[in-house]
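Fold and geometry: a report
These are the residues of each chain, in order.
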Amino acid sequence: MSDPLIDLASDTKTRPTPAMRAAMAAAEVGDERAHEDPTVNRLLERCAGLLGKEAAVFLPSGTMANEIALAVHCRPGEEVICDATSHIIGFEGGGPAAIAGVMIQPLAGRRGIFDAIQLRAAIRNDRPYAPRQRLVLVEQTSNLGGGAVWPLATLDEVAAVAHAAGLSTHMDGARLLNACVASGIAASVHARGFDSVWIDFSKGLGAPGGAVLAGSQAFCEEAFRHKLRWGGAMRQSGIIAAACDYALDHHVARLADDHASAKRLAEGLAASPGISIDVAGVETNLVYFDVAGTGLDAGSFVRELQARGVRMTEMGTSNVRAVTHLDADASAIERAVRIVRTLCEESLKKSL
Ligand SMILES: *Cc1c(COP(=O)(O)O)cnc(C)c1O
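I will try to describe carefully the structure that is included in this document. (Residues numbered from 1 in each chain as written. Predicted model: local features only at pLDDT ≥ 70, side-chain atom pairs only at ≥ 80, totals over all residues. Heavy atoms only, no water.)

**With respect to the overall build of the protein chain**
- Tallying secondary structure elements over the protein chain gives 14 helices and 12 strands in all.
- For the protein chain, the C-alpha radius of gyration of 21 Å lies close to 20 Å, the compact-globule estimate for 352 residues.
- Taking the principal axes of its C-alpha atoms as reference, the protein chain extends roughly 60 × 55 × 35 Å.
- Of all 352 residues assigned to the protein chain, the portion counted as buried reaches 55%. (Helix = DSSP H or I, 4+ residues; strand = E, 2+ residues; numbered from the N terminus. Rg over C-alpha atoms; globule rule 2.2 N^0.38 Å. Buried < 20%, exposed > 50% of the residue type's maximum accessible area, 1.4 Å probe, protein only.)

Listed below in structure tokens is the structure:
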């Protein structure tokens with residue numbers, strides 16, 4: 001029998017474990033749309049506490065959390081300031097323009113992280129011909145920034161500058177818990193300067209779906225109205241909330257294993273001929289590297305790799321991304337490293 005595919009394309013590839021499925025099967029449920037699902041209600045209370053906010057809303061996905069937050073915070077024509085690499089720009093189907101109708105002012109941060117000085121420089125004078133600015137958005141961790149963790153001081157400073165200018169603040173916390181495990185700083189502390197924040201359960205936490213968006217009571221009431229309007233209100237979604245709750249109990253501390261695996265993978269890649277990678281820049285579970293020196297472009301590299309049993313993602317002409325997660329243990333990472341090294345060696349031999 002051939003070895004199973006090692007799927008490092010994304011941490012969304014995780015599948016619910018047997019124990020998670022058992023928790024789902026046993027979940028007490030009700031009509032979520034009428035706030036009658038006890039498992040959803042418990043999860044929301046737990047997440048509001050975790051994130052240090054008054055209230056929370058259960059959503060099918062993180063994309064909906066971002067899009068609802070934009071629509072609640074902003075009116076059409078208003079401007080959102082965020083890093084140029086942000087998920088809302090490149091990966092949400094044009095939602096910010098199509099749904100909330102907002103303009104985006106992208107900042108050139110470093111690894112997805114901008115600072116208070118850059119933000120201050122982006123704040124416009126209030127003139128009738130300028131878009132009205134409304135929201136500052138950060139991504140913790142930064143996805144295209146290589147899983148970089150925003151330092152707490154930077155988050156606090158950016159939030160302070162935003163609020164002083166009368167702007168609201170939103171944290172895309174798709175991988176906030178990775179940042180918490182990497183930094184040892186609680187989620188509520190990371191999020192303390194942010195009017196809204198959400199976490200994703202379908203990434204490294206390993207649930208089949210679900211995101212929780214948190215904020216003030218008034219923000220969440222408005223967010224729930226949007227969720228309903230957009231068809232995101234569900235019925236017995238306690239089945240999914242039970243998986244999320246299980247993930248908070250069992251899959252948070254273990255994110256440290258994913259970070260260790262990512263480091264190990266990065267070291268293995270660094271030792272593979274033709275690959276260039278900033279090993280020190282691998283802070284969490286995302287590993288970006290450049291394959292230009294292997295004689296292959298990113299597309300052929302990824303195709304060759306998949307034929308050998310490892311899946312990674314092409315992120316540009318010579319950039320590749322690998323993501324570690326709970327379905328890829330240490331031995332799978334070792335095997336992936338060996339396969340990559342062999343591919344690099346063979347490719348370089350061929351191009352001699
Ligand atoms: C995955 C992701 C999202 C979207 O979450 P989904 O649950 O996949 O819709 C938003 N922001 C970031 C940074 C992400 O990585």
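Once you've had a look at it, read on.
**Regarding the sheet that holds strand S9 (residues 286-290)**
- The sheet built from 3 strands is open, its strands ordered S9-S12-S11 with antiparallel pairing. The two strands at the open ends of the sheet, each matched to only one other strand, are S9 and strand S11 (313-314).
- Where S9 and strand S12 (residues 319-323) come together, 5 bridges link them in antiparallel fashion. Its bridge partner lying in S12, Val 287 is registered against Ala 322. (Pairing = 2+ DSSP bridges.)

**Some thoughts on the side chain of Ser 168**
- Tracing the sequence through the fold places Ser 168 in strand S6 (residues 168-173).
- Those residues within four positions of Ser 168 in sequence are excluded, and the remaining contacts are His 73, Arg 134, Leu 135, Val 136 and Asp 195. (Contact = heavy atoms within 4.5 Å.)

**What to know about helix H14 (residues 330-350)**
- For H14, which comprises 21 residues, the first-to-last C-alpha distance of 30 Å matches the rise-based estimate of 30 Å (1.5 Å per residue) to within 8%.
- Listed in full, the buried residues belonging to H14 are Ala 332, Ile 333, Arg 335, Ala 336, Val 337, Ile 339, Val 340, Leu 343, Cys 344 and Ser 347.
- Looking at the packing, one finds that the buried side of H14 touches strand S1 (6-7), helix H12 (255-270), helix H13 (298-307) and strand S10 (310-311). (Expected span 1.5 Å × (residues − 1).)

**Thoughts on the pairing of strand S5 (residues 133-139)**
- Within S5, 6 of the 7 residues are buried, which leaves the element mostly enclosed by the surrounding structure.
- Here strand S3 (residues 79-83) pairs with S5 via 3 bridges, running parallel. Paired with Glu 79 across the bridge in S5 is Gln 133.
- In this fold, the crossover linking S5 to S6 by way of helix H7 (residues 152-164) has right-handed handedness. (Right-handed = clockwise from strand over helix to strand, strands pointing away.)

**A closer look at the packing of helix H1 (residues 18-25) against helix H11 (residues 238-250)**
- Running from amino to carboxyl end, H1 crosses H11 at an angle of 135°, the nearest separation of the two axes being 8 Å. Judged by the angle between their axes, H1 and H11 are oblique. By crossing handedness, the relation of H1 to H11 is classed as right-handed. Across the interface between the two elements, Ala 19, Met 20, Ala 23 and Met 24 from H1 touch Ile 239, Ile 240, Ala 242, Ala 243, Tyr 246 and Ala 247 from H11.
- Residues belonging to the contact of H1 with H11 are distributed by class as follows: 10 nonpolar, no polar and no charged. (Axes fitted to C-alpha atoms, helices over the stretch in contact; angles between N-to-C directions. Parallel < 35°, antiparallel > 145°, perpendicular 65-115°, else oblique. Left-handed = near helix turned anticlockwise from the far one by under 90°. Nonpolar A, V, L, I, M, F, W, Y, C, P; charged D, E, K, R; others polar.)

**Considering the sheet that holds S6**
- Spatially, the 7 strands line up as an open sheet ordered S2-S8-S7-S6-S5-S3-S4, and their pairing is mixed. Of all the strands in the sheet, the pair left with one neighbour each is strand S2 (55-59) and strand S4 (103-107). Averaged over neighbouring strand pairs, the angle between their axes works out to 20° when direction is ignored.
- Relative to strand S8 (residues 211-215), S2 runs antiparallel, the two being bridged by 5 bridges. When the bridges of S8 are listed, Leu 59 appears paired with Ala 211.
- Along the sheet face, helix H3 (residues 62-73) touches S2, S3, S5, S6, strand S7 (196-200) and S8 and points at about 175° away from the line of S6.

**Regarding the pattern of salt bridges**
- All chains considered together, the criterion is met by 16 salt bridges.
- Between Glu 32 and Lys 227 there is a salt bridge; the shortest N-O distance is 2.8 Å. Of the two residues, Glu 32 is situated in the loop between H1 and helix H2 (38-51) and Lys 227 in helix H10 (residues 217-229); the sequence distance between them amounts to 195 residues. The two residues Glu 32 and Lys 227 agree in class, both being buried.
- Within the structure, one salt-bridge network assembled from shared partners comprises Arg 46, Asp 245 and Asp 249. (Salt bridge = Lys/Arg side-chain N within 4 Å of Asp/Glu carboxyl O.)

**Remarks on the site of the ligand**
- Close contacts around the ligand come from 15 residues, with Gly 62, Thr 63, Asp 172, Asp 200 and Lys 203 the closest.
- In this structure, Asp 200 approaches the ligand through a side-chain N or O atom, which is 2.7 Å from an oxygen atom.
- Between the ligand and Lys 203, the relevant distance is 2.9 Å, taken from an oxygen atom to a side-chain nitrogen or oxygen of the residue.
- Secondary structure elements with two or more residues in the shell around the ligand: H3 and S7.
- In terms of residues, the shell around the ligand owes the most to one element, H3, which gives 3 residues.
- Classifying every residue of the shell around the ligand by side-chain character gives 2 nonpolar, 7 polar and 6 charged. (Near = heavy atom within 4 Å. Polar contact = N/O pair within 3.5 Å; in protein donor to acceptor, adjacent residues only side chain to side chain.)

By themselves these figures say nothing about function.
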